[in-house]
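Structural description and commentary
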Amino acid sequence: DKGGHKHFMAKEIAEQPHVIAEAIRHYLPVEEDAVRLPGEGVDFSGVERLTMVACGTAYYACVTAKYWFEQIARLPVEVDIASEFRYREPPIPGKTLALFVSQSGETADTLAALRYCQEKADKILSVVNVPESSIARESDLALPIFAGPEIGVASTKAFTCQLTVLLALALKAACDRGHLSPEEMSEYATAIRGLPNVLSSALEQNEAIRLAAQKVSEARDVLFLGRGLMFPLALEGALKLKEISYIHAEAYASGELKHGPIALIDKNMPVVVLTPRDSLFDKSVSNMQEVLARKGKVLMISDQDGIDEAGDDVWCAIRMPRVKEALSPILYAIPAQLLAYHTAVAKGTDVDQPRNLAKSVTVE
Ligand code: F6R
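For the protein, the name recorded in an unreviewed UniProt entry is Glutamine--fructose-6-phosphate aminotransferase [isomerizing], with Leisingera daeponensis as its organism. Of the protein, the UniProt comment under Subunit (unreviewed entry) reads exactly: "Homodimer." Comment text from UniProt for the protein, heading Subcellular location (unreviewed entry), reads "Cytoplasm".

1. With respect to the site of the ligand
In the vicinity of the ligand, 13 residues are found, and the nearest of them are Ser102, Gln103, Ser104, Thr107 and Glu243. Within the side chain of Ser102, one N or O atom sits 2.6 Å away from an oxygen atom of the ligand. Glu243 places a polar side-chain atom, nitrogen or oxygen, 2.5 Å from an oxygen atom of the ligand. Protein contact buries 90% of the 410 Å² of open area that the ligand shows by itself. Elements with a contribution of two residues or more to the shell around the ligand: helix 3 (56-73) and helix 11 (230-245). If one sorts the elements of the shell around the ligand by residue count, helix 3 sits on top with 3 residues. Of the residues in the shell around the ligand, the class split is 4 nonpolar, 7 polar and 2 charged.

2. Brief notes about the pattern of salt bridges
Evaluation of the coordinates by the stated rule reveals 23 salt bridges. With its nearest N and O atoms 2.7 Å apart, the salt bridge here joins Lys157 to Glu15. Taken together, the residues Lys157 in helix 7 (residues 157-176) and Glu15 in the loop between helix 1 (8-14) and helix 2 (16-27) connect sequence positions 142 residues apart. Assessed through its relative accessible area of 3%, Lys157 is described here as buried. The closest approach of N and O atoms between Asp109 and Arg86, which form a salt bridge, is 2.6 Å. Here the residue Asp109 occupies a position in helix 5 (residues 108-117), and Arg86 occupies one in helix 4 (residues 82-88), the gap between them amounting to 23 residues. For Arg86, a relative accessible area of 17% puts it in the buried group.

3. Concerning helix 5
Taking burial as the measure, the 10 residues of helix 5 include 9 buried ones, the bulk of the element. Among the residues of helix 5, those classed as buried are Ala108, Asp109, Thr110, Leu111, Ala112, Ala113, Leu114, Tyr116 and Cys117. In this fold, the buried residues of helix 5 make contact with strand 1 (49-54), helix 4, strand 3 (96-102), strand 4 (123-128) and helix 6 (134-137). Note on helix 5: the residue one or two positions beyond its end, Glu119, has a positive phi of about 75°.

4. Notes on the sheet that holds strand 2 (residues 77-81)
Pairing is parallel in the open sheet, where 5 strands are placed in the order 2-1-3-4-5. Each end of this open sheet is capped by a strand with a single partner; those strands are strand 2 and strand 5 (141-144). If you compare each strand with its neighbour and ignore which way they point, the axes differ by 20° on average. Direction of pairing for strand 4 relative to strand 5: parallel, over a ladder of 4 bridges. Looking at the pairing, Ser126 lines up with Ala142 of strand 5. On top of the sheet, helix 3 reaches strand 1, strand 2 and strand 3; it is set at about 170° to strand 2, its chief contact. Helix 7 rests against strand 1, strand 3, strand 4 and strand 5 of the sheet, and its axis sits at about 165° to strand 3.

5. What to know about the side chain of Glu12
Inspection of the secondary structure assignment puts Glu12 in helix 1. Of the polar contacts made by the side chain of Glu12, one reaches the backbone nitrogen of Gly152; its length is 3.2 Å. Excluding anything up to four places from it in sequence, Glu12 contacts Pro149, Glu150, Ile151, Gly152, Thr156 and Lys157.

Definitions and limits used
Residues numbered from 1 in each chain as written. Predicted model: local features only at pLDDT ≥ 70, side-chain atom pairs only at ≥ 80, totals over all residues. Heavy atoms only, no water. UniProt positions renumbered as here; feature names shortened; annotations may be inferred. Near = heavy atom within 4 Å. Polar contact = N/O pair within 3.5 Å; in protein donor to acceptor, adjacent residues only side chain to side chain. Areas by Shrake-Rupley, 256 points an atom, 1.4 Å probe, with all protein chains shown as cover. Helix = DSSP H or I, 4+ residues; strand = E, 2+ residues; numbered from the N terminus. Nonpolar A, V, L, I, M, F, W, Y, C, P; charged D, E, K, R; others polar. Salt bridge = Lys/Arg side-chain N within 4 Å of Asp/Glu carboxyl O. Buried < 20%, exposed > 50% of the residue type's maximum accessible area, 1.4 Å probe, protein only. Contact = heavy atoms within 4.5 Å. Pairing = 2+ DSSP bridges. Axes fitted to C-alpha atoms, helices over the stretch in contact; angles between N-to-C directions.

Here is the structure:
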């Protein structure tokens, strides 16, 4: 049942305020400004290293979480793609926690990577959407994301729910390790509880994004740029666009632009710049200016302040609400998903069943 939407993907994008609220209810119950984990939970105070492993969109959720664990909890993190990790057979030093992220919980490479870590890591955690899945069953602690069934092959609501749970986990780590005061924790809790409303107002930009997507649908290649927390989201935006619209898309950390990809910029190249008015805004805008100077078509996704300050010469601007900086990837996932969705619809591709792709990759 598509609930009145044309595609499951559209329905699942629209469901995000609701499913995220469900995840928040479980991990940040209203009675207390502390993170609550299921079962025995996990204590991060003696943990020295976190290794996160996944594939595809779930991997980008891990890359995002690396920024959170390192910046907020001061915990060193390694992130890897499951198909690389498992065959590299990396050493796992003591006091390492291993964390696997998977919507389906059945991805063959992720499961093999988990089995490799059994007996080696101190504890195996997983962040999954299907609690009965193999990955959930074989971990010491499985953290459900409460996204509900995801039918569209392109992952959307599972991604933002994974991010929400990973952020909660990073906050728990920060509290356990003495890097977050009770006041700071309650500031985060308040901001996170506000996310469902913030996501709803982001969804109101649907029409503006649809219009931008009409133009993007004529491109052969698209670049995505982001700094800091917007870098993994740029990777996710590019993946979403290529998998459902079949337009070649690539993402770079904005600071990498001048190390190669700037050679691609000309008047035919749309460049999606993800840049909330945050602590890295000025750096990100200076990279955006380099694109504009070479006549690249900039699609700027920012907030009102960011657009007022730097949006004058852009091809188009999409306005997002303001959120606490750490929460921006969860919010900016919405325009990235809608852009891919409307581009695919404009091109007439099969949004829910893109060619060559399967929902669950249970073979290597
Ligand atoms: C992209 C997408 C895939 C999956 C990947 C991992 O939209 O859906 O990249 O994220 O195949 O799948 P799970 O999370 O089930 O392990």
